[in-house]
Amino acid sequence: MPASRLGARPATRRFSLAALRSRIAAERERARFRLALNRMARDNPHLIDDIGLTNRQVEEEIAKLPFWQR
């Protein structure tokens, strides 16, 4: 066995800081979208039909949790 393989740890999945920032930014954008969708459903429910969603789709989207709570 080569010396470089001695004591080698199993490969672990690593994430870059840029990837983590990107993931957090995407999650924040999804949260803002869900908040806006919730307000729209509450205040102007007729607009939900205008954007092509059903009430059930809106409820399912609003109920989604952030990735750290799944």
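Residues numbered from 1 in each chain as written. Predicted model: local features only at pLDDT ≥ 70, side-chain atom pairs only at ≥ 80, totals over all residues. Heavy atoms only, no water.

## Quick word on the packing of helix α1 (residues 17–43) against helix α3 (residues 55–63)
Running from N to C, α1 and α3 cross one another at 140 degrees; their axes reach a closest spacing of 9 Å. One way to sum up the angle between α1 and α3 is to call them oblique. The interaxial crossing formed by α1 with α3 has left-handed handedness. Residue-level contacts link Phe33, Arg34, Leu37, Asn38 and Ala41 of α1 to Val58, Glu61 and Ile62 of α3. Its residues assigned to classes, the contact of α1 with α3 comprises five nonpolar, one polar and two charged. (Axes fitted to C-alpha atoms, helices over the stretch in contact; angles between N-to-C directions. Helix = DSSP H or I, 4+ residues; strand = E, 2+ residues; numbered from the N terminus. Parallel < 35°, antiparallel > 145°, perpendicular 65-115°, else oblique. Left-handed = near helix turned anticlockwise from the far one by under 90°. Contact = heavy atoms within 4.5 Å. Nonpolar A, V, L, I, M, F, W, Y, C, P; charged D, E, K, R; others polar.)

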